[in-house]
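# Geometric and topological summary
Chain by chain, the residues:
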Amino acid sequence: MNHTKGGLVIFTANSHASSRELGKRIAERLGVELGKVQVYQEANRETRVQIQESVRGKDVFVIQTVSKDVNTTIMEMLIMVYACRTSCARSITGVLPYFPYSKQCKMRKRGSIVSKLMASMMCKAGLTHLITMDLHQKEIQGFFNIPVDNLRASPFLLQYIQEEIPDYRNAVIVAKSPASAKRAQSFAERLRLGIAVIHGEAQDAESDQVDGRHSPPTVKTTGAIHPSMEIPLLIPKEKPPISVVGDVGGRIAIIVDDIIDDVDSFVAAAETLKERGAYKIFVMATHGLLSCEAPRFIEESAIDEVVVTNTIPHELQKLQCPKIKTVDISMILSEAIRRIHNGESMSYLFRNIGVDD
């Protein structure tokens, strides 16, 4: 049954087979067929897009999931959006469940804010609206000059905890670092559970912190500063020995975060929680990048289960590690598309979500 007004077209790119799979799920929920488009790479690795049906005067939604070849993924999206723009589409909405380069959203020394560049390119290509999920930093929305709907995956993860962890009432929500404490607090308050925070880092006697490489220079260098002026030196940060703030003894520990990519910090957190008496350890995250040897490290670690959503394809990683489980979020994406196309309010999808969530 078609749940939308006429004039809706949904396209998916070729970044990964799972991109089409997610697109099919969304299209089925909306009662429409996927649009006809051909996306391929030339012999010289250039991306070519051919829209194979009319989009004139229609609302176009381009669904793109991020594969391991993230730069090809981005180019597919940009070229497809531009092709729809030059074909006179009425509106073009990008559906990127995971926003690429979202971790590069702050200036670091002589680096750059790549998230701002991504936003500028998407707007320039012709995007008129963006649907994404759990941005690494909510402030990324400010890089766009078009509407951005930053949906939340937490309702699906909370439902998984309540339905798939029988004794979740004996659990404690864990932030693997103080930076994740707000997300952990949000989960804990909704589940009426306690919270624990891991603080500090393991002390390594062989680290470069103690071998002299961070020692101050023996001679003060003033450079271009006038001799009578001496700018006070900012004392460098030094993390204390690792500690757990909160009781996890005899409890289920549920570590929550937005992205799980390099799993070293999660594995280290699981080992620490095991030492403190946690008898079962879960990791819950929205985006499961699970790069490189992540499946093997998870399989060999103290982690009992890793639960991620299908914002990013990870079928291969699931074959390598049966501990990885997937939660489907196509329902909220399809409802967002339906509401935007029909001109309905989006506030229903953000009910009970606070400023800090």
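About the thresholds
Residues numbered from 1 in each chain as written. Predicted model: local features only at pLDDT ≥ 70, side-chain atom pairs only at ≥ 80, totals over all residues. Heavy atoms only, no water. Helix = DSSP H or I, 4+ residues; strand = E, 2+ residues; numbered from the N terminus. Buried < 20%, exposed > 50% of the residue type's maximum accessible area, 1.4 Å probe, protein only. Contact = heavy atoms within 4.5 Å. Areas by Shrake-Rupley, 256 points an atom, 1.4 Å probe, with all protein chains shown as cover. Pairing = 2+ DSSP bridges. Axes fitted to C-alpha atoms, helices over the stretch in contact; angles between N-to-C directions. Parallel < 35°, antiparallel > 145°, perpendicular 65-115°, else oblique. Left-handed = near helix turned anticlockwise from the far one by under 90°. Nonpolar A, V, L, I, M, F, W, Y, C, P; charged D, E, K, R; others polar. Core = buried A, V, L, I, M, F, W, Y, C linked by side-chain atoms within 4.5 Å. Domains from an automatic or database assignment. Phe/Tyr/Trp six-rings, centres within 6.5 Å; stacked < 30°, edge-to-face > 60°. Lys NZ or Arg CZ within 6 Å of the ring centre and 35° of its normal. Salt bridge = Lys/Arg side-chain N within 4 Å of Asp/Glu carboxyl O. Expected span 1.5 Å × (residues − 1).

## Concerning the overall build of the protein
The secondary structure content of the protein amounts to 9 helices and 14 strands. For the protein, with 357 residues in total, the buried portion stands at 47%. Long-range contacts, defined here as pairs at least 24 residues apart, represent 68% of the contacts in the protein between residues at least 6 apart. Surface summary for the protein: the accessible area is close to 19100 Å², and the carbon and sulfur share equals 52%.

## Details of the sheet that holds strand β6 (residues 129-133)
Spatially, the 5 strands line up as an open sheet ordered β1-β4-β5-β6-β7, and their pairing is parallel. Looking at the sheet topology across the chains shown, the edges are occupied by β1 (8-12) and β7 (148-151). For this sheet, the mean angle separating the axes of adjacent strands, direction not counted, is 15°. Note that strand β5 (residues 91-96) and β6 share 4 bridges and pair parallel. Paired with Val-95 across the two strands is Ile-131, which belongs to β6. Contacts between helix α2 (residues 70-86) and the sheet are confined to β1, β4 (59-63) and β5, with β5 contributing the most and set at about 165° to the helix.

## Overview of the packing of helix α4 (residues 154-164) against helix α5 (residues 181-191)
Geometry of a packed helix pair, given as the angle between the helix axes and the separation of the axes. Remark: α4 packs on α5, axes separated minimally by 11 Å, with the N-to-C direction vectors making an angle of 50°. The angle between α4 and α5 places the two elements in the oblique class. For α4 against α5, the interelement crossing comes out right-handed. Residues Ser-154, Leu-157, Leu-158, Ile-161 and Gln-162 of α4 touch α5, and the partners they reach there are Phe-187, Arg-190 and Leu-191. Partitioning the contact of α4 with α5 into residue classes produces 5 nonpolar, 2 polar and 1 charged.

## Quick word on the sheet that holds strand β8 (residues 171-175)
Strand order in the open sheet formed by 7 strands is β10-β9-β8-β11-β12-β13-β14, and the pairing between neighbours is mixed. Each end of this open sheet is capped by a strand with a single partner; those strands are β10 (243-245) and β14 (324-327). Sheet twist, expressed as the mean angle between neighbouring strand axes with direction ignored, is 25°. Here strand β13 (residues 305-309) runs beside β14; their pairing, made up of 4 bridges, is parallel. Its bridge partner lying in β14, Val-308 is registered against Thr-326. Contacting β11 (252-260), β12 (280-288), β13 and β14, α4 runs over the sheet at an angle of about 155° to β12. Sitting on the sheet, helix α6 (residues 264-275) touches β8, β9 (194-199), β10, β11 and β12, and the angle it makes with β11 is about 170°.

## Some thoughts on the nonpolar core
Ile-10, Leu-151, Ile-173, Ile-254 and Leu-333 are the most contacted members of the largest nonpolar core, which totals 46 residues. Summarising the domain contributions, this core has at least three residues from each of domain 1 (6-150) and domain 2 (152-199 + 239-326). Ignoring sequence-local partners within four residues, the contact set of Ile-254 consists of Ile-161, Ile-165, Ala-171, Val-172, Ile-173, Val-174, Phe-282 and Met-284. Counting residues in each nonpolar core, the second largest holds 35 residues, with Met-77, Ala-119, Leu-127 and Leu-130 among its members.

## Regarding the packing of aromatic side chains
Two measures describe an aromatic ring pair: the distance that separates the ring centres and the angle between the ring planes. Scanning the model with the defined rule gives 1 aromatic pair in all. Taken together, a centroid distance of 5.7 Å and an interplanar angle of 70° make the contact between Phe-99 and Phe-144 edge-to-face. Within this pair, whereas Phe-99 is found in the loop between β5 and α3 (114-125), its partner Phe-144 is found in the loop between β6 and β7, the two being separated by 45 residues in sequence. Phe-144 matches Phe-99 in its accessibility class, with the two residues each being buried. A cation over an aromatic ring shows up here: Lys-176 above the ring of Phe-266, its NZ or CZ 4.9 Å from the ring centre. Over the aromatic face of Tyr-348 sits the side chain of Arg-351, whose NZ or CZ is 4.0 Å from the ring centroid.

## Describing the pattern of salt bridges
Summed over all chains, the structure comprises 13 salt bridges. The closest approach of N and O atoms between Arg-48 and Glu-42, which form a salt bridge, is 2.4 Å. The partly exposed category is assigned to Arg-48, whose relative accessible area is 36%.

## A look at helix α9 (residues 330-342)
Spanning 13 residues, α9 covers 18 Å between terminal C-alpha atoms, matching the ideal 18 Å at 1.5 Å per step. Within α9, 11 of the 13 residues are buried, leaving the element largely enclosed by the surrounding structure. Of all the positions in α9, only Ser-330, Ile-332, Leu-333, Ser-334, Ala-336, Ile-337, Arg-338, Arg-339, Ile-340, His-341 and Asn-342 are classed as buried. Of the residues one or two after α9, Gly-343 is the one with positive phi, at around 70°.

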